[in-house]
Amino acid sequence: MGLLDGFFTLGADINKTKGEFPQDTKEGPVSPLLPQLSLDMPDEKLIALKEKWEKRWNGSDFKQELEKKQRDNEDYWLGKHWENVADTESGRPMADNLIFESVETFLPVITRQKPEPFVRTMDNSTEGLQLADDVKTKLEFDVDNNKLRKKLQVMSRYWALYHLGVIKTVWDAQKNDYDWAVLRPQKLILDPDATINEEGEYSGDCIGEYKKDKAEKLVQLYPDKVDYITAQVRGEMGTELQFIEWWTRDYVFWSLNKEILGKSKNPHWNEDQELQTPFMDEMGNQSMQTQKITGKNH
């Protein structure tokens, strides 16, 4: 229960779908047949794809078992102990469990050391070394300014109680800079076939996140959907609407019921580019040449 359950799930085989799509020994398709997501996909097909993702997650045995453990752990952590005789007969302690004490003692220990950024340059020139030092200084400032250590505590508490801990890199428009946000696992839609590797990377095809914002803000973000959004709130633009933000490795899109609000390429990826640069040949004639720059994840 709680902290121990969270620890043992690191090596447990609990996040792999059983039955219809056994992944370890079967050849051929090992997942439902799904189309490849692309930006030119019609909205109707995009809606059908996101509904398949939702159905796979909501109908998975893993999600049902996970939600039950999450509810039980949260009740213990909040001090809502079972007092039923039937519960004690099943081995569930009635009171005085140590989940709150163990979790809240554990968190300061694992976040005691301040996160230290490590910046490396492949260019050992004076300029390259100075750039690496400047970037490290900026990251050290961000760790303190964005209260990363506190956010790591919240994420670790979620991991211990809910078996999932997620931090998302976001863009803060007010600060005009990036930040980190801790996501509540219950607001996520995941791939039930996904695993987490040794580097902490999620292998699933998609991640959906339930978000909410006022209708007046959504019509500013998605001006092409003004009529649809307005109809959803019957003209009361101060009403909050809950929608889903969907992420894949290459794309991101936003859905509200049966409507796609917007879609774009992954904003965290620098796409491949072609730059025109001046070039002088052996005869002294100047022309332009095309320089290809490979995209990098920033």
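Everything numeric in this text was worked out from a predicted model, so none of it was measured. (Residues numbered from 1 in each chain as written. Predicted model: local features only at pLDDT ≥ 70, side-chain atom pairs only at ≥ 80, totals over all residues. Heavy atoms only, no water.)

(A) Fine view of the overall build of the protein. Across its full length, the protein holds nine helices and nine strands. Within the protein, the proportion of its 298 residues that are buried is 31%. Long-range pairs, those at least 24 residues apart, make up 53% of the contacts in the protein with a sequence separation of at least 6. With the model as given, the accessible surface of the protein reaches about 20000 Å², and the carbon-plus-sulfur share is 52%. (Helix = DSSP H or I, 4+ residues; strand = E, 2+ residues; numbered from the N terminus. Buried < 20%, exposed > 50% of the residue type's maximum accessible area, 1.4 Å probe, protein only. Contact = heavy atoms within 4.5 Å. Areas by Shrake-Rupley, 256 points an atom, 1.4 Å probe, with all protein chains shown as cover.)

(B) Representation of the sheet that holds strand 7 (residues 259-265). The sheet built from five strands is open, its strands ordered 3-4-5-6-7 with antiparallel pairing. Two strands lie at the open edges of the sheet, namely strand 3 (188-189) and strand 7, each paired on one side alone. Note: strand 3 against strand 4 (residues 207-214), two bridges, orientation antiparallel. By the bridge assignment, Leu188 is partnered in strand 4 with Glu209. Each of strand 3, strand 4, strand 5 (240-247), strand 6 (251-256) and strand 7 is contacted by helix 2 (residues 43-58), which is oriented at about 95° to strand 7, the strand it contacts most. (Pairing = 2+ DSSP bridges. Axes fitted to C-alpha atoms, helices over the stretch in contact; angles between N-to-C directions.)

(C) Quick peek at the nonpolar core. With 18 residues, the main nonpolar core has Trp53, Trp57, Trp246 and Phe253 as its most contacted residues. When contributions to this core are tallied by element, the ones reaching two or more residues are helix 2, helix 3 (61-78), strand 3 and strand 5. In terms of residues, this core owes the most to one element, helix 2, which gives five residues. Among the nonpolar cores identified, the runner-up in size contains 13 residues, and Leu241, Trp247, Val252 and Trp254 belong to it. (Core = buried A, V, L, I, M, F, W, Y, C linked by side-chain atoms within 4.5 Å.)

(D) Region of interest: helix 5 (residues 99-110). Over its twelve residues, helix 5 extends 16 Å from the first C-alpha to the last, a length consistent with the 16 Å expected when each residue adds 1.5 Å. All of the buried residues in helix 5 are Ile99, Val103 and Leu107. Buried residues of helix 5, viewed axially, fall in a sector of 60°; they line one side. (Expected span 1.5 Å × (residues − 1). Arc of directions from axis to C-beta.)

(E) Structural detail: unusual backbone geometry. For Lys147, which is not glycine, the phi torsion reads 55° and is therefore positive. In this fold, Lys147 is placed in the loop between helix 6 (126-145) and helix 7 (148-162). Judged by relative accessible area, Lys147 falls into the exposed class, the value being 55%. Phi angles above zero are rare outside glycine, and Asn176 is one such case at about 55°.

(F) Representation of the side chain of Lys168 within the structure. Positionally, Lys168 belongs in strand 1 (residues 166-172). Of note is the side chain of Lys168, whose polar atom sits 2.8 Å from the side chain of Glu209. Reaching out from Lys168, the side chain makes a polar contact with the side chain of Glu245 at a distance of 2.5 Å. Residues contacting Lys168, with those up to four places away along its chain left out, are Asp179, Trp180, Ala181, Leu183, Glu209, Lys211, Glu245 and Trp247. (Polar contact = N/O pair within 3.5 Å; in protein donor to acceptor, adjacent residues only side chain to side chain.)

(G) Main features of the packing of helix 3 against helix 5. Contact pair helix 3 / helix 5: the axes reach a minimum separation of 7 Å and the direction vectors enclose 90°. Between helix 3 and helix 5, the angle is such that the two are roughly perpendicular. Every residue of helix 5 that contacts helix 3 at Asn73, Tyr76 and Trp77 is listed here: Ile99, Phe100 and Glu104. Looking at the contact of helix 3 with helix 5, its residues break down into four nonpolar, one polar and one charged. (Parallel < 35°, antiparallel > 145°, perpendicular 65-115°, else oblique. Nonpolar A, V, L, I, M, F, W, Y, C, P; charged D, E, K, R; others polar.)

(H) Geometry of the environment of Gln153. Note that Gln153 resides in helix 7. Residues Gln153 and Phe106, spaced 47 residues apart in sequence, show a C-alpha to C-alpha distance of 9.5 Å. Residues contacting Gln153, with those up to four places away along its chain left out, are Leu107, Pro108 and Thr111. At 3.0 Å, the side chain of Gln153 forms a polar contact with the side chain of Thr111.

(I) Broad picture of the confidence of the model for the protein. Residues at a pLDDT of 70 or more form 80% of the protein, whose mean pLDDT is 82. Here residues 14-19 is a poorly scored stretch, pLDDT under 50, and it has 15 contacts once near neighbours within four places are set aside; other chains count. (pLDDT = per-residue confidence, 0-100.)

(J) Geometry of the side chain of Asn266. Relative to the assigned elements, Asn266 resides in the loop between strand 7 and strand 8 (273-280). Here Arg249 takes part through its backbone oxygen, which lies 3.0 Å from a polar atom of the side chain of Asn266. Setting aside residues up to four positions removed in sequence, Asn266 forms contacts with Trp247, Thr248, Arg249, Asp250, Tyr251 and Glu271.

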